[in-house]
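Single-letter residue listing:
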Amino acid sequence: MNDIVALNKKDFETNQDVRWCPGCGDYAVLAQVQKLMPTLGIPRENFAFISGIGCSSRFPYYMETYGMHSIHGRAPAVASGLKLARPELSVWVVTGDGDALAIGGNHFIHAMRRNIGLKILLLNNRIYGLTKGQYSPTSELGKKTKTTPHGSIDRPFSPVAVALGAGATFVARTVDSDLAHMAQVLRRAAEHEGTAFVEIFQNCIVFNDGAYDAITDKSVRDDARLMLEHGKPLLYGKERNRGIRLRGLEPEAVTVGENGVTEADLVVHDEAADHSGLAFFLSQFDAPKLPVPLGVFRAVSAPAYEDMNNQLHADAEVRRGRGNLAGLFNSGDTWTIE
């Protein structure tokens, strides 16, 4: 058996000019993915990046791996076929909020329902950037764009909530401006068996600049975001003295040390809970009333679809030769047409 050749970030950089707008958050995501790949111990020829249509979907051009720039919304379908045909590959899907949640909605949810071994990165800039600034499924209520000049009346999707509702076994969220956190989340996703979904808050500097300032600006971010840590209470704030407790089923932001509140009163994060109730509860948090959670919402083990598919084929091989085609055609409900 040949030893795996040591690789580095440059081995995953192509000779293509990266054609994103200067300052686009996609650059940060690309750099972190290229840094991660050589540390996974996987031969470069065993990686594949599949994308749909959109700014983020240019990703395969910039990864020195196999890949495909497929059609709008269908990247999970193409990637699923590849993973079933070549289950040993590390297959990554890079998509956007419009590509995944509008035309690609069904493909997106069913990939996660099946728990097929894909790593799905959804770069969410809350806008259609490639087509010059129309509102997307994640644009906030009231968003004024070229297609909603009086403000959008559509309620936005929460990608994390959609993933959890589809039964995803790994669901996480990070932001393009926090490189260390993004690196941690991407590694967790890469190591997960089954579907791993990561939403990445990504700034579109041209058509939706500042979309995440409320949680990324240094002057406010400590009080506006909640960094999830498994097994630890939901604490946040510059002094780490703000927290989340429950009043019945309603979350409440409180200050530890005030009105008799202690850390024991706070909700403890459990990413591996038997049910996704807590994770879904967290997916509903939004600033300014509650801090926006970042990190791993859910990480549980379940059989991967490709493994079950391989078992079906193995069982069929064992049974091969025992069938009776004529008997099959004439079994069950039959009728004669006169």
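Residues numbered from 1 in each chain as written. Predicted model: local features only at pLDDT ≥ 70, side-chain atom pairs only at ≥ 80, totals over all residues. Heavy atoms only, no water.

K.L.:
Teacher, can you tell me more about empty space enclosed by the protein here?
P.N.:
Empty space left among the atoms is revealed by rolling a probe the size of a water molecule over them. Under the counting rule described, the total for this entry stands at one cavity of 30 Å³ or more. Counted as a void, the largest cavity has a volume near 40 Å³. In terms of lining, the largest cavity is formed by G73, A75, P76, V93, T95, D99, A100, F108 and I120. Among the secondary structure elements, those contributing two or more residues to the lining of the largest cavity are α2 (75–85), β3 (90–96) and α3 (97–103). (1 Å grid on protein atoms, 1.4 Å probe; cavity = no way out; pocket = protein on both sides within 12 Å on 5 of 7 lines; lining within 4 Å. Points joined across faces, edges and corners; volume = space filled by probe spheres on them. Helix = DSSP H or I, 4+ residues; strand = E, 2+ residues; numbered from the N terminus.)

K.L.:
Honestly, the side chain of H181 in this entry has me stumped. Any pointers?
P.N.:
With respect to the element layout, H181 can be found in helix α6 (residues 179–191). Residue class for H181 comes out buried when judged on its relative accessible area of 11%. Residues within four places of H181 in sequence aside, it is in contact with R173, T174, M227, L294 and G295. (Buried < 20%, exposed > 50% of the residue type's maximum accessible area, 1.4 Å probe, protein only. Contact = heavy atoms within 4.5 Å.)

K.L.:
Looking at this structure, I do not really get the state of the cysteines. What am I missing?
P.N.:
Structurally, a disulfide amounts to a covalent bond that connects the sulfur atoms of two cysteines. With the rule as written, the count across this model stands at zero disulfides. This cysteine, C21, is not joined by any disulfide, and C24 carries the nearest cysteine sulfur, 6.5 Å off. On the basis of relative accessibility, which here comes to 38%, the residue C21 falls in the partly exposed class. As a non-bridged cysteine, C24 has C55 as the owner of its nearest cysteine sulfur, 6.5 Å distant. (Disulfide = S-S within 2.5 Å.)

K.L.:
For this particular structure, what's the right way to read the packing of aromatic side chains?
P.N.:
When we look at a pair of aromatic rings, we describe it by the centre distance and by the angle of the planes. On inspection of all chains with the given rule, the structure shows nine aromatic pairs. Plain terms: the ring middles of W20 and Y62 are 5.1 Å apart, the flat faces sit at 80° to each other, and that makes the pair edge-to-face. Within this pair, whereas W20 is found in the segment before α1 (26–36), its partner Y62 is found in the loop between β1 (47–51) and β2 (66–69), the two being separated by 42 residues in sequence. For the residue pair W20 and Y62, the accessibility class agrees, reading buried in each case. Ring geometry for F201 against Y212: centres 4.3 Å apart, planes inclined by 15°, an arrangement best described as stacked. Of this pair, F201 sits in strand β6 (residues 196–201) while Y212 sits in the loop between β6 and α7 (213–216), and the two are 11 residues apart along the sequence. Judged by relative accessible area, which is 4%, F201 ranks as buried. Overall, Y212 belongs to the buried group, its relative accessible area being 6%. An aromatic cluster is present here, built from W20, Y27, F49, F59, Y62 and W92 joined pairwise through their rings. Taking the ring centre of F201 as reference, the NZ or CZ of R126 above it sits at 5.8 Å. (Phe/Tyr/Trp six-rings, centres within 6.5 Å; stacked < 30°, edge-to-face > 60°. Lys NZ or Arg CZ within 6 Å of the ring centre and 35° of its normal.)

K.L.:
Can you help me understand unusual backbone geometry in this one?
P.N.:
Looking along the chain, the bond that leaves A287 and enters P288 is cis, with omega of 5°. One non-glycine residue, N115, lies in positive phi territory at about 60°. Residue placement: N115 occurs in the loop between α4 (105–114) and β4 (118–124). Classification of N115 by relative accessible area gives buried; the value is 4%.

K.L.:
What's the story with the side chain of T145 in this structure? I'm lost.
P.N.:
Note that T145 resides in the loop between β4 and α5 (159–165). Within the structure, the side chain of T145 is placed 3.3 Å from the backbone nitrogen of Y135, a separation counted as a polar contact. In this structure the side chain of T145 is engaged in a polar contact, spanning 2.8 Å, whose partner is the side chain of T148. With sequence-adjacent residues up to four places away left out, T145 is seen in contact with I127, G133, Q134 and Y135. (Polar contact = N/O pair within 3.5 Å; in protein donor to acceptor, adjacent residues only side chain to side chain.)

K.L.:
When you look at α2 in this model, what are you seeing that I'm missing?
P.N.:
Each turn of an α-helix holds 3.6 residues, which means side chains three or four residues apart point in the same direction. Within the sequence span of α2, burial applies to A75, P76, A79, S80 and K83. Taken down its axis, α2 places every buried residue within 130° of arc, on the same side. (Arc of directions from axis to C-beta.)

K.L.:
Would you mind going over the sheet that holds strand β9 (residues 242–247) with me for this structure?
P.N.:
Sheet strands pair by backbone hydrogen bonding; their relative direction is either parallel or antiparallel. If you walk across this open sheet you meet the three strands as β8-β9-β10, and the pairing is antiparallel. Among the strands making up the open sheet, the edge pair consists of β8 (235–236) and β10 (250–255). As paired strands, β8 and β9 are joined by two bridges and run antiparallel to one another. Bridge pairing in β9 places L235 opposite G243. (Pairing = 2+ DSSP bridges.)

K.L.:
So what exactly am I meant to see when it comes to the sheet that holds strand β5 (residues 170–175) here?
P.N.:
The mixed open sheet is built from eight strands, whose spatial order is β2-β1-β3-β4-β6-β5-β11-β7. In the strand order of this sheet, the two ends are held by β2 and β7 (225–227), each with one partner. Shown here is a sheet whose adjacent strand axes are inclined to one another by a mean of 20°, direction ignored. Here six bridges tie β3 to β4, and the two strands are oriented parallel to one another. (Axes fitted to C-alpha atoms, helices over the stretch in contact; angles between N-to-C directions.)

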